[in-house]
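Observations on the model geometry
Letter by letter, the chains look like this.
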Amino acid sequence: MVTTLLTFRDNIKAFFSRYDYILTPILKFVLALLVFFSIKQQMGYMPIFGNVVVMLLLSGICAFLPVEFTTGIGGVIIILESTQVAIDAALVGLALVLIFYCGYMRFSPKTGIIVLLVPLCYTMHWVYILPIVLGFLVGPAAIIPVIFGVILYYYEAGLKELVNVLAAVTEEDTAVQGYQYILNALIDNKVMLLTFIVFASVILVTYVIYRTSFSNSWIVAFLAGGFLNVVLFLVGSVTLLVDVEIVPILVGSIIGVLLAVILQFGKGIVDYQRTEVLQFEDDEYYYYVKAIPKLSVSESNKNVKHINSKTHN
């Protein structure tokens, strides 16, 4: 069974390696399309960005550009969508985008896409999977984009409520109520604060355990991350007196652990039975190195040619 799975994994890797020039643009296209669809679902104030042709065109462009361009285009769309609700509210969104760009994207552009994956996962009800998976794939560097992604989600949710609020007030109050309502919705949001704490803690704990050198640390890391994800939300809901839906958190944590195991299998499972400890030295230090090989299946295709020699008289 293990050999079969390893062979299947190696075949998948070989397939992706061979057709990388085709599959990479396709994956970028799908990612961009999902991101733009998520923005449409959460906002949708400008019909042009909800148009299928426009979304396909933008996704097609993103398919052949670095992934950070998808992040940038997504940010621009969010700001433009916000202007349709209130200019001052859009300025709050612009400030968030600029802070994220200057504080994170300039230094780690490739992982900046996480900030848009968080609202996407909220839309698809997969958000509680993220901290466990990101904890071992990205590590502590994922904390900042995850936090900004949560802020972005609640910013978009605040805009939805603001639409109804602005419809009930006079035009004279609009300039004040726009940014004030958004800021109050973000600052007074205890659920958002709890999500910051839980996601950051899960990412950090998963990463630290995953990087330790004891046997099967990756399994312990995933289980600890999933357990912590549930417990911290429960404890936080009691402490901060907020309501959280425990069933989606529990289901998301279980799926997150299973997905992390699958991804780890794709990266490589180590064979602890063949662990080797090496020791060597130089003039100043002794060095101890623990080497653990990954499980693999080496297939050798050999063509054996049988030659029957006959002697003819």
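What you see is a predicted model; the values in this text were computed from it and never measured. Sequence order as written defines residue numbering, which begins from 1 separately in each chain. Whole-chain, interface and lining totals are the exception, using all residues; otherwise, since this is a predicted model, local features are given only for residues with pLDDT of at least 70 and side-chain atom pairs are given and counted only at 80 or more. Side-chain metrics in this entry use all non-hydrogen atoms of the structure; hydrogen atoms and water are not considered.

1. Focus on the packing of aromatic side chains
Here is the rule: rings of Phe, Tyr and Trp (six-membered ring for Trp) pair when centre to centre is within 6.5 Å. Planes less than 30 degrees apart are stacked, more than 60 are edge-to-face, and the remainder are tilted. The full count for this structure, using the stated rule, is 14 aromatic pairs. Taking the centre distance of 5.3 Å and the plane angle of 50° together, the rings of Phe 100 and Phe 148 count as tilted. Of this pair, Phe 100 sits in helix 6 (residues 87-105) while Phe 148 sits in helix 9 (residues 143-167), placing them 48 residues apart in sequence. Taken as a pair, Phe 100 and Phe 148 share a single burial class, namely buried. Note on Tyr 153 and Tyr 154: the rings are 5.1 Å apart at their centroids and 80° apart in plane angle, and the pair reads as edge-to-face. Aromatic ring contacts, followed pair by pair, group Phe 136, Tyr 210, Trp 218 and Phe 222 into a single cluster. Every helix listed is a DSSP run of H or I at least four residues long, and every strand listed is a run of E at least two residues long, numbered separately from the N terminus. Think of it in three bands: residues with accessible area under 20% of the maximum for their type are buried, residues over 50% are exposed, and the middle band is partly exposed, with areas taken using a 1.4 Å probe on protein chains only.

2. Here's the deal with the environment of Val 92
Structurally, Val 92 can be placed in helix 6. The class of Val 92 is buried, set by a relative accessible area of 11%. Once the C-alpha coordinates of Val 92 and Ser 82 are considered, the two residues, ten residues apart in sequence, prove to be 9.4 Å apart. Apart from residues lying up to four places away in sequence, Val 92 is in contact with Tyr 155, Tyr 179, Ile 182 and Leu 183. Only heavy atoms enter the contact rule, under which two residues are in contact if any of them lie within 4.5 Å.

3. With respect to the packing of helix 8 (residues 130-137) against helix 11 (residues 190-211)
Two elements in contact, helix 8 and helix 11, have axes whose closest approach is 8 Å; the angle formed by their N-to-C orientations is 40°. Considering their axes alone, helix 8 and helix 11 lie oblique with respect to each other. Two packed elements cross with a definite hand, and for helix 8 against helix 11 that hand is right-handed. The residues of helix 11 that touch helix 8, namely those facing Pro 131, Ile 132, Gly 135 and Phe 136, are Phe 199, Val 202, Ile 203, Thr 206, Tyr 207 and Tyr 210. Grouping the constituent residues of the contact of helix 8 with helix 11 by class yields eight nonpolar, two polar and no charged. In this analysis, axes come from line fits to C-alpha atoms, helices being fitted only over the stretch in contact, and the angle between any two N-to-C directions falls in the range 0 to 180 degrees. Our angle categories are set so that under 35 degrees counts as roughly parallel, over 145 as roughly antiparallel, 65 to 115 as roughly perpendicular, and the remainder as oblique. Crossing handedness follows the turn of the near helix against the far one: under a right angle anticlockwise gives a left-handed crossing, and clockwise gives a right-handed one. Only Asp, Glu, Lys and Arg are considered charged in this grouping, and only Ala, Val, Leu, Ile, Met, Phe, Trp, Tyr, Cys and Pro are considered nonpolar; every other residue, Gly among them, is considered polar.

4. As for the confidence of the model for the protein chain
pLDDT is a residue-level measure of predictor confidence that goes from 0 to 100. A residue-level look at the protein chain finds 86% of positions with pLDDT of 70 or above and a mean pLDDT of 85. Scored below 50 in pLDDT, residues 299-306 shows one contact in the model against residues more than four places distant or in partner chains.

5. Considering the side chain of Thr 71
Structurally, Thr 71 can be placed in helix 5 (residues 67-83). If sequence neighbours within four positions are ignored, Thr 71 has contacts with Met 105, Gly 112, Ile 113, Val 115 and Leu 116.

6. Focus on the environment of Gly 74
Tracing the backbone shows Gly 74 in helix 5. For the pair Gly 74 and Leu 116, spaced 42 residues apart in sequence, the C-alpha separation works out to 7.5 Å. When residues no more than four places from it in sequence are discounted, the contact partners of Gly 74 are Phe 36, Ile 39 and Leu 116.

7. Re a nonpolar patch on the surface
For patches, a residue must show more than 30% relative accessible area and have no salt bridge; joins then use 9 Å for like charges and 5 Å for nonpolar side chains, namely Val, Leu, Ile, Met, Phe, Trp and Tyr. For the accessible areas, the method is Shrake-Rupley and the probe is 1.4 Å, while residue cover comes only from the protein chains on display. Salt bridge, as applied in this entry: a Lys or Arg side-chain nitrogen positioned within 4 Å of an Asp or Glu carboxyl oxygen. There is a patch of nonpolar side chains on the surface, built from Phe 8, Ile 12, Phe 15, Phe 16, Tyr 19, Tyr 21, Ile 22, Ile 26, Leu 27, Val 30 and Leu 34 and spanning about 1,000 Å² of accessible area. Put simply, the parts of the chain that give the nonpolar patch at least two residues each are helix 1 (2-18) and helix 2 (20-42). Element by element, the count of residues in the nonpolar patch is highest for helix 2, at six residues.

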